[in-house]
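The primary structure of each chain is shown beneath.
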Amino acid sequence: MLTAEQNEQLTQVEAGTPMGEVLRRYWYPVAFTRELEEFPVKRVELLGDFFALWKSPSGRYGIVPEACPHRKASLAYGVVEPDGIRCPYHGWVFDTDGACTSQPAERDNTQFQERVRAQAGKVEEMGGLVWAYVGPSPAPELPRFDTYVMDGYRDIGWADLPCNYVQIMENAVDPHHVEFLHGRYFEFVGKHEGFTAPASFGKEHMKIGFTAFEWGIIKRRVLKGATEENDDWKVGHPLVFPYNMRVGGGGIHQMQIRVPVNRTTTRFILYTVHSPDGYEHVEQPQIPDYELPVFDKAGRHVTNYVEGQDMMAWVTQGAITDRTTEHLGRSDIGVAMLRKMFREQMDVVARGEDPLGTIREKHERIDLPCEKDKFHAGGAQFALDFCDMGSTRFSPVLDTIKKIHISAADKIASEKAAAE
C-alpha cells in the first residue's frame, strides 16, 4: 500500500517531477519508420509534451517542441526543408539541433536570429521504429537490444491504452497472473465462445523469484512438472527498466514496449521477431504495424486473446491505480521490488547521476537473457499457440508467420531424422 503522495510521485511523467525527470533520461519509439516515409512530419506526444517530428529529404530526423518559438503556431504542420523544418505561419526554420536558421521577415536583424532556439531532442531509426530522446544533454546511446537488430521476420502490434504506464509495468513482475488470467479466465472465455485455450498458460506456479540486474529485473518461475533447470527459472526473462519487458519462446522474440504518452495514456507496442531454429531468411521490404482491438462495438474489452486479457486487467484498474487501498501479499514481491527500483532511480537522477540502464558506449547489440522453452511447452507448438491465441492472430502477415514456424520445425525434424 502507498500513501496518496507516494502514488502521485510514482505515476508522474511530467517535466520537473522526480519520476518525469527519470523518464526523460531514456529513448522512446515515437513513430513507425513507414509513417515518415509516407508523410515527412508528424505530431507526437511523449511524457505529456507535444513535439514535431520530421524526416528531411536527405534522411535526417529531427524533433522539437510543437509550439514555434516565434508565436507558438504548430511546427507539426511545418514544411520539411533540406536543413530543418519551416514554420507554416511565418517561415522560421529550425534545424535538427534547434538552431533558428532562417527568419524571412527579419533579414536585417541577424542577432535576433541567433538568440532564438528550439529545445531539440535526438532522433534515430532502428528496427522499423523512429526513436526519440528529449532529455538533457548529452544524450546517451540508443540501446540496440537484440530484438531490434537480430535476423528474423517482424511485425508490430500496438494499442493506445487509457491508463498510466506504471500499472502495466507492475504486471511485468507478476508471474502468478498468468495461470489465472491467461489460464482459468482464458478457459472460461473459451467455453462460452467455443474455442480451447492453450493448456500451457494454466500451469500452476510452484515457485517465483526475481533478480535485479544491469537492465532491470529478471523474473523467474518454476511451474508444476518443471524444475529449476527449466528455462523459466534458470534463464527467466527481464523487465527492462523503466518501460519494457523482453519475452520469448518457440523461436519468437518479443519486446513489449509501454510508452508513457502522458500520465493517463500508454502506447502498448508488441515488437515481435520470428526466428525459430531452422529459420530461412524471408525478404521483408517493410515491417507491418497493426492496431490491436481493445474494446468491442459494445464497449466491452476484447478478452479472447492473451494480450487483450492483459489490457483488460490494466485498464480496469482505472486511469491511475489507487494504491492507497490495495492489499499486497507475498506473491506481490516483484511489484514491491519494482516500486523500490523506481524510488531509487528518482534519487539517482536527483543526485545528477545516470539512472539504471543508461549506456554511453557505442555498441552493435545488447543480448538480454530470455527463456527459449517457454512454460516447457515445446518450441513449435508454443509458437503456433502464440499465433492463434495471442495478438499475432490480428497480424496482416499471419499466414507467412505460421509458414515460417512450420517450415523451420519440419527442417529441424528432417535434419534430426537424417542424423539418426
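In short, a report on the structure.

So, how was this worked out
Residues numbered from 1 in each chain as written. Predicted model: local features only at pLDDT ≥ 70, side-chain atom pairs only at ≥ 80, totals over all residues. Heavy atoms only, no water. Axes fitted to C-alpha atoms, helices over the stretch in contact; angles between N-to-C directions. Helix = DSSP H or I, 4+ residues; strand = E, 2+ residues; numbered from the N terminus. Parallel < 35°, antiparallel > 145°, perpendicular 65-115°, else oblique. Left-handed = near helix turned anticlockwise from the far one by under 90°. Contact = heavy atoms within 4.5 Å. Nonpolar A, V, L, I, M, F, W, Y, C, P; charged D, E, K, R; others polar. Pairing = 2+ DSSP bridges. Salt bridge = Lys/Arg side-chain N within 4 Å of Asp/Glu carboxyl O. Buried < 20%, exposed > 50% of the residue type's maximum accessible area, 1.4 Å probe, protein only. Phe/Tyr/Trp six-rings, centres within 6.5 Å; stacked < 30°, edge-to-face > 60°. Lys NZ or Arg CZ within 6 Å of the ring centre and 35° of its normal.

**Re the packing of helix α7 (residues 177–193) against helix α9 (residues 306–315)**
A pair of packed helices is captured by two measures, namely the crossing angle of their axes and the spacing between those axes.
Step number 1: At a minimum axis separation of 10 Å, α7 and α9 run at an interaxial angle of 115°. What the angle tells us is that α7 and α9 run roughly perpendicular. Crossing hand, α7 versus α9: right-handed. Across from H177, L181, H182, Y185 and F186 in α7, the residues of α9 making contact are V306, Q309, D310, M312 and A313.
Step number 2: Partitioned by chemical class, the residues of the contact of α7 with α9 number six nonpolar, three polar and one charged.

**Considerations on the pairing of strand β9 (residues 122–126)**
Residues in a regular strand project their side chains so that they alternate between the two faces of the sheet.
Step number 1: Bridging between β9 and strand β10 (residues 129–133) involves five bridges; their strand directions are antiparallel. Looking at β10, one finds that M126 is bridged to L129.
Step number 2: In textbook terms, the turn of a hairpin is the stretch between consecutive antiparallel strands, and for β9 and β10 this stretch comprises two residues, one of which, G127, has a positive phi near 65°.

**With respect to the sheet that holds strand β8 (residues 100–102)**
Step number 1: Within the open sheet, the four strands sit side by side as β5-β6-β7-β8. Their pairing is antiparallel. Among the strands making up the open sheet, the edge pair consists of β5 (79–81) and β8.
Step number 2: Looking at chain direction, β5 and strand β6 (residues 84–86) are connected through three bridges and run antiparallel. Each residue of the ladder has a partner; that of V80, found in β6, is I85.

**Overview of the pattern of salt bridges**
Step number 1: This model, assessed by the stated rule, comprises 22 salt bridges.
Step number 2: One salt bridge connects R43 with E66, and the closest N-O pair in it is separated by 2.9 Å. Of this pair, R43 sits in strand β2 (residues 41–46) while E66 is found in the loop between β4 (61–65) and β5, placing the two residues 23 residues apart along the sequence.
Step number 3: In this structure, E170 and R339 form a salt bridge, with 2.7 Å as the shortest nitrogen-oxygen distance. Here E170 is found in helix α6 (residues 165–171), whereas its partner R339 is found in helix α10 (residues 333–350), with 169 residues between them in sequence.
Step number 4: Classification of R339 by relative accessible area gives buried; the value is 5%.
Step number 5: In this structure, a network of salt bridges that share partners links the residues E170, R323, E326 and R339.

**Some thoughts on the packing of aromatic side chains**
Aromatic rings in a pair are described by how distant their centres are and how their planes are angled relative to each other.
Step number 1: All told, the structure shown has 16 aromatic pairs when counted by the stated rule.
Step number 2: Here F186 and F195 contribute two aromatic rings whose centre-to-centre distance is 5.7 Å and whose plane-to-plane angle is 70°, an arrangement assigned as edge-to-face.
Step number 3: Judged by relative accessible area, which is 0%, F186 ranks as buried.
Step number 4: The partly exposed category is assigned to F195, whose relative accessible area is 24%.
Step number 5: Ring plane angle 40° and centroid distance 6.3 Å describe the contact between F382 and F386, whose orientation is recorded as tilted. In this pair, F382 and F386 both sit in helix α11 (residues 379–389), four residues apart, roughly one turn of the helix. An identical accessibility class is assigned to F382 and F386; each is buried.
Step number 6: Each residue in the set Y26, Y165, F241 and F342 is aromatic and connected to the rest through ring pairs, giving one cluster.
Step number 7: Cation over ring: R43 sits above F50, and NZ or CZ is 3.9 Å from the ring centre.
Step number 8: Directly above the ring of W158 sits R267, whose terminal nitrogen or CZ lies 4.1 Å from the centroid.

**Notes on the sheet that holds β2**
Note: strands within a sheet are paired through backbone hydrogen bonds, in either parallel or antiparallel orientation.
Step number 1: Strand order in the open sheet formed by three strands is β2-β3-β4, and the pairing between neighbours is antiparallel. One side of each edge strand has no neighbouring strand; the edge strands of this open sheet are β2 and β4. Going from strand to strand, the sheet's axes swing by 30° on average, the running direction of each strand aside.

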